[in-house]
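Here is how the chains run, residue by residue.
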Amino acid sequence: MNKFSVNPGNDSFGTQIEKGYLYVDKTEMIHEFLVESFRTPVLFTRPRRFGKTMVMTMFRDFLDIRRDSKALFQGLNIMKHPDTVGKYMNQYPVIFISLKDVNGNGFEKVFDILKNQIASIFRQYEELLKDESISKFDKLDYESICSQTADYATVVSSLKLLAAMLHKHYGEKAFVIVDEYDVPMAKALGKPCYNDVADMVQSMLSNVGKTTEHIEALMMSGCLHTVKNSGYTGFNNLASYSILSYQYSDCFGFTEEEVYRILAEAGMVDKAGLAREWYDGYVFGETHIYNPWDVIKYVDETTSGSRRRKMPGKHWIHTSESREDLVHGFIGKMPDALGSFERLLNGETIVKKVNEALPYHMLHASGSNLWTGLLETGYLTKATEEDDDVLPLRIPNKEITEVFREEVWCFFSTHVENVFLEELMNALWKGNGDGAKGALDQILEATLSYLHAYKEYVYQHILAGVFIGQSYRVRTEYESGYGRSDIIVEDAARKRALVLELKQVEDEKDLGKGIAEACDQTKAKKYESSLIYDGYTDIKKYGLSFWDKRCLIKAM
């Protein structure tokens, strides 16, 4: 890998290798799976953008009987297992389908897209029509699928049909891979068509799952374990591997060693601490994992020179629909959610029951299901390497902390008048500490009654949320100068910035002392240093002191 070969938009194994893009070698999984735990059917669940499609296409390219894959895998770890390579490489007809784009407004639209997806797969095997060992009736169904004139029953049994035809043609059972199997259900969640969409996908996969006569294996990937608890009669022997499973725990996402190697080759070893703070923190099984999408995007943006300032950004949260389905509005759905969010934002853990076999339509059925959904989709992680039905959960990293802050502020903002937000913003940018105090007093009065304790971190979350809600860039506990500033706020034009140092005091009479301490600390630690280095020309520095619902603000 060199610093110019990072392509975060690609998730195809073959393209990644052929184009010379960054690839973290996960091919040892092929040996482990085929030799040690080869079962049918199998399901791998991970959050979005954690490398599921890369793994699924890796298996496709390794197994497909119509390919010659030796050059593609040359130099990778799987080639250290010549017996596995000789027995399995290019030995199976492979049916690969991704359901990530199967969605739409209404069932008919979803069904039409599925028909189109399946037709495009069938058209890749037109040689089957010339095989005289295949019955004319199967060929008629094949042609109706290709022309998209097939009825519902034929479409939902189409993968079973194709597997049977491939088995007859090649003399080997088919290996079926279904990537992002649960996206149609996720997209249909909350819509009238949900049950029809779920029934359609379930019927299709059930047909494949119980057809061992012509199918060697069924491998699926997804986000939730919907398949385990939704009436799939063909999956009684399903082997599922989730974020809680110890086996294959390092096969999705990047380990610490892998991230360090990437950063070293990209000339970014000095950024290892930032990458860890922003993108590490997940525990899959007993393995500590980084978010791979974030790491790749961070390396790409830093090495490509597309950003003037080489700071980590929030990349992954903008690629996942789970935020809208699970996180947004979450606080108002459960009586204890705000208190739990408060503890999570303070870096603490919360103990919750986890329902690993959770179907989409049950996400909002109970509070425990919502916490499970946040765990399974990557917004929380377990805080232990142990596995149990009841687990301590925590926020994995700084990126997700920012998401939770935004959601807390979304809840608070319904209780705060816009006029106070505007007054606070205007006063701070003008250097008017007294004006800012008056507006912030009103904001504290409207929000603090919802929180459990008045601690410094609570005031920090409220202020950070205010600025995030107004679309400013916010950095908390950011290393600058000779320490870590509580809050740094930057405008979109990257010309103006605020440095806010907060102190919480135990007695109202000590508010003045808190202000003095905050100002002295800001001056001594030179928190504005990084902003000056980055070219900011208008920097306002403030000391803030808090007691109960009262504050003092002093411009420096």
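Our structure is the block above this text.
The model shown is predicted, which means the values in this text are computed figures rather than measured ones.

Student: Pulling in residues and values, what's your account of the overall build of the chain?
Tutor: Secondary structure assignment for the chain yields 23 helices and 15 strands. Over its C-alpha trace the chain gives a radius of gyration of 27 Å, about what one expects of a compact globule, namely 24 Å for 556 residues. Expressed along its principal axes, the backbone C-alpha trace of the chain runs to roughly 90 × 50 × 40 Å. Buried positions account for 58% of the 556 residues belonging to the chain. The long-range fraction of contacts in the chain, counting pairs at least 24 apart against all pairs at least 6 apart in sequence, stands at 72%.

Student: Before we move on, can you summarise the sheet that holds strand E13 (residues 496–504) with the specific residues and values?
Tutor: One open sheet accounts for five strands, arranged E11-E12-E13-E14-E15; its pairing is mixed. Two strands in the sheet have a free side with no partner beyond their single neighbour: strand E11 (473–480) and strand E15 (550–555). With strand direction ignored, the average angle separating the axes of adjacent strands in the sheet is 30 degrees. Where E11 and strand E12 (residues 483–490) come together, seven bridges link them in antiparallel fashion.

Student: Pulling in residues and values, what's your account of the packing of helix H6 (residues 107–122) against helix H11 (residues 194–209)?
Tutor: The N-to-C vectors of H6 and H11 enclose an angle of 25 degrees; their axes lie 10 Å apart at closest approach. By the criterion of interaxial angle, the relationship of H6 to H11 is roughly parallel. Crossing geometry of H6 relative to H11 is assigned as right-handed. Contact residues: H6 offers Phe107, Val110, Phe111, Leu114 and Ile118, while H11 offers Asp196, Val197, Met200 and Met204. Tallied by class, the residues present in the contact of H6 with H11 amount to eight nonpolar, no polar and one charged.

Student: Explain unusual backbone geometry to me, using residue names and the numbers behind them.
Tutor: Backbone geometry at Gln148 places phi at a positive 60 degrees, although glycine is not the residue there. If you trace the backbone, Gln148 turns up in the loop between helix H7 (136–146) and helix H8 (152–156). Relative accessible area serves as the criterion here: at 28%, Gln148 is assigned to the partly exposed category. Of note, the phi angle at Glu180 is positive, near 55 degrees, even though the residue is not glycine. Structurally, Glu180 is set in the loop between strand E3 (174–179) and helix H10 (183–188).

Student: Can you explain helix H13 (residues 272–279)? Please cite residues and give values.
Tutor: Restricting attention to buried positions, one finds in H13 the residues Ala272, Leu274, Ala275, Trp278 and Tyr279. Angularly, the buried residues of H13 cover 160 degrees about the axis, an arc narrow enough to put them on a single face. Looking at the buried residues of H13, the elements they touch are helix H12 (256–265), strand E6 (282–284), strand E7 (287–289), helix H14 (292–304) and helix H18 (398–413). Backbone geometry just after H13 places Gly281 at a positive phi near 105 degrees.

Student: Before we move on, could you go through the pairing of strand E14 (residues 538–547) and cite the residues and values that matter?
Tutor: Working note: regular strand, side chains alternate between the two faces of the sheet. Where E13 and E14 come together, nine bridges link them in parallel fashion. When the sheet's bridge partners are listed, Arg496 is paired in E14 with Asp538. In textbook terms, the turn of a hairpin is the stretch between consecutive antiparallel strands, and for E14 and E15 this stretch comprises two residues, one of which, Asp548, has a positive phi near 55 degrees.

Reading guide: rules and limits
Residues numbered from 1 in each chain as written. Predicted model: local features only at pLDDT ≥ 70, side-chain atom pairs only at ≥ 80, totals over all residues. Heavy atoms only, no water. Helix = DSSP H or I, 4+ residues; strand = E, 2+ residues; numbered from the N terminus. Rg over C-alpha atoms; globule rule 2.2 N^0.38 Å. Buried < 20%, exposed > 50% of the residue type's maximum accessible area, 1.4 Å probe, protein only. Contact = heavy atoms within 4.5 Å. Pairing = 2+ DSSP bridges. Axes fitted to C-alpha atoms, helices over the stretch in contact; angles between N-to-C directions. Parallel < 35°, antiparallel > 145°, perpendicular 65-115°, else oblique. Left-handed = near helix turned anticlockwise from the far one by under 90°. Nonpolar A, V, L, I, M, F, W, Y, C, P; charged D, E, K, R; others polar. Arc of directions from axis to C-beta.

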